[in-house]
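Report on the structure
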Amino acid sequence: MKRIAIGVAGLGFAGALHARAVEQAARLDRGPGAPALQLAAAADPDPARRAAAARAFPAARLHADWQALVQDRDLDAVVIALPNDLHADAGAACLAAGKAVLIEKPLAPDAAGVRRLAHAAVRARRTASAGYVFRHSPALAWAIAQAQTGAFGELHHIALTHAEDYGAAGAPLGWRGDAARAGYGALGDLGAHAISIGIALCGPVASAAAIQSPHPETGLTDDRTSALLAFTSGAQGSLHASRTALGRKMRLAVEISADRASLVFDHERPNEIDVCMAGQPGFVKRLCGPDMPGYDRIICAAGHGLGFADLFTLQMEAWTRDIAAGAPGDLGFALQVEASLQAVRASARTGAWTLVQAMHEAAA
Ligand SMILES: NC(=O)c1ccc[n+]([C@@H]2O[C@H](COP(=O)([O-])OP(=O)(O)OC[C@H]3O[C@@H](n4cnc5c(N)ncnc54)[C@H](O)[C@@H]3O)[C@@H](O)[C@H]2O)c1
């Protein structure tokens with residue numbers, strides 16, 4: 001494979017980040033024989049967004065609808081950065097056309113859409129991944145890798161928070177305020193990221209008990225979700241997702257306690273993690289550096305700091321590496337997250353503890 005031609009469906013907040021990430025990842029030294037990466041096409045019905053893309057990415061073919069990317073035979077892979085209700089249609093169509101996909105989270109508003117995507121990925125045998133981008137945060141990737149080696153001992157408690165204020169004080173939510181389009185409110189938009197980190201650290205969620213606060217005007221999507229999580233490992237956890245937390249811009253916060261360590265991370269300070277190993281008197285701040293996964297792909301010197309957009313570059317590098325290797329991608333992991341989201345939402349509706357219904361077999 002000499003070149004991976006990539007299309008981006010949707011040029012909003014996330015799509016613009018992905019489009020730039022293609023160009024950034026293309027300029028990393030990805031080793032001898034790595035295929036060139038090219039942003040070959042993009043699609044968005046908004047003429048202003050297409051005009052901006054024409055200026056930023058003059059070599060890309062620009063279309064008004066994602067369906068044009070499916071028809072584009074030159075494309076090897078498509079990033080789906082569309083409103084949630086379009087993910088399953090677009091993702092399944094791209095897979096059926098033989099293209100690899102990177103699908104933004106949540107994968108779909110409902111379980112049926114998620115299953116459709118999982119089946120399409122199994123049939124197509126193309127790389128299918130999801131946009132759980134915070135697993136590429138060097139501090140979190142380091143914590144996940146350390147946890148997997150057993151360095152922290154058994155993880156027994158995890159507090160997961162993702163709080164922002166983009167929905168505070170009646171701010172317009174666009175498609176995010178429409179239950180049929182979004183499926184979830186703060187839970188799918190923000191809580192999905194927090195749960196992805198919880199699962200990466202503690203393994204699958206077994207059951208959840210949740211409460212949600214609906215949007216005051218539409219009453220449809222949740223502005224806030226709180227949940228207790230029981231992990232299959234025996235670890236217990238809490239989840240708080242809010243889009244009305246005044247002053248919070250990107251508080252993806254994780255606090256872990258384990259047999260031999262405690263850790264505290266907050267993405268509002270993404271380049272540090274506080275660690276207390278057993279025997280130490282208290283927490284020690286570790287600045288991110290080349291000893292943490294992914295960091296030195298962007299900067300070689302410790303403590304200089306990566307940003308949110310860099311995580312999209314690292315995600316793009318990982319996804320295209322999987323495409324070049326013919327690897328399946330991380331959709332199986334994403335299915336665990338989606339199954340947990342559905343259990344949390346179902347629990348908030350019924351008021352009962354709810355078992356997570358495994359969706360893994362859909363992709364097996
Ligand atoms: N991973 C992350 O950190 C992250 C961050 C933001 C958003 N997201 C996810 O990305 C997705 C998009 O969110 P967003 O914030 O970018 O929304 P957005 O509204 O900013 O962008 C969506 C874009 O899709 C376009 N679009 C609508 N219909 C289309 C069609 N038929 N064909 C092509 N384009 C079409 C819209 O015009 C818009 O420009 C959501 O699933 C969201 O959850 C992920």
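Keep in mind the model is a prediction, meaning the values are calculated, not measured.

Let us look at the sheet that holds strand E2 (residues 36–43). Strands sit in the order E3-E2-E1-E4-E5-E6 across an open sheet of 6 strands; the sheet is parallel. Only two strands of the sheet have a single partner each, and these edge strands are strand E3 (61–63) and strand E6 (128–130). The mean inter-strand angle of the sheet, taken between neighbouring strand axes irrespective of direction, is 20 degrees. The pairing of strand E4 (residues 77–80) with strand E5 (residues 100–103) spans 4 bridges and is classified as parallel. When the bridges of E5 are listed, Ala77 appears paired with Ala100.

Looking now at the packing of helix H1 (residues 13–26) against helix H10 (residues 308–325). With their axes 8 Å apart at the nearest point, H1 and H10 run at an angle of 65 degrees to one another. As the angle between them shows, H1 and H10 are arranged roughly perpendicular. Considering the relative orientation of H1 and H10, their crossing is right-handed. Between H1 and H10, the contacting residues are Leu17, His18, Arg20, Ala21, Val22, Gln24 and Ala25 on the first element and Ala309, Phe312, Thr313, Gln315, Met316, Glu317 and Thr320 on the second.

Of all residues adjacent to the ligand, which total 25 residues, the nearest are Gly10, Gly12, Phe13, Ala14 and Glu104. Counting residues per element, the shell around the ligand draws most heavily on H1, at 3 residues. Considering only residue class, the shell around the ligand consists of 12 nonpolar, 6 polar and 7 charged.

Here is a general trend for soluble globular proteins: nonpolar side chains tend to be buried in one another's company. Of all hydrophobic cores here, the largest spans 116 residues; its most connected members are Ile6, Ala9, Val101 and Leu117. The leading source of residues in this core is helix H8 (residues 186–202), at 11 residues. Three or more residues apiece are contributed to this core by two domains, here domain 1 (3–133) and domain 2 (135–305 + 337–349). Sequence-distant contacts of Ile6, that is, excluding residues within four places in its chain, are made with Val22, Leu37, Gln38, Leu39, Ala40, Leu75, Ala77 and Val79.

Looking now at H10. For H10, built from 18 residues, the straight-helix expectation of 26 Å at 1.5 Å per residue is met to within 8% by its first-to-last C-alpha distance of 26 Å. The set of residues buried in H10 consists of Asp310, Leu311, Phe312, Thr313, Leu314, Gln315, Met316, Glu317, Ala318, Trp319, Thr320 and Ile323. A positive phi of about 70 degrees marks Gly326, the residue just after H10.

For the protein, the assigned domains are domain 1 (3–133) and domain 2 (135–305 + 337–349). Here the C-alpha centroids of domain 1 and domain 2 sit 25 Å apart. Opposite the 14 residues of domain 1 that make contact, domain 2 presents 17 residues. Per-class residue counts for the side of domain 1 that touches domain 2 are 10 nonpolar, 1 polar and 3 charged.

Scoring rules and cut-offs
- Residues numbered from 1 in each chain as written.
- Predicted model: local features only at pLDDT ≥ 70, side-chain atom pairs only at ≥ 80, totals over all residues.
- Pairing = 2+ DSSP bridges.
- Helix = DSSP H or I, 4+ residues; strand = E, 2+ residues; numbered from the N terminus.
- Axes fitted to C-alpha atoms, helices over the stretch in contact; angles between N-to-C directions.
- Parallel < 35°, antiparallel > 145°, perpendicular 65-115°, else oblique.
- Left-handed = near helix turned anticlockwise from the far one by under 90°.
- Contact = placed C-beta atoms within 7 Å.
- Near = placed C-beta within 6 Å.
- Nonpolar A, V, L, I, M, F, W, Y, C, P; charged D, E, K, R; others polar.
- Core = buried A, V, L, I, M, F, W, Y, C linked by C-beta atoms within 7 Å.
- Buried ≥ 20, exposed ≤ 12 C-beta atoms within 10 Å, placed from the backbone.
- Domains from an automatic or database assignment.
- Expected span 1.5 Å × (residues − 1).

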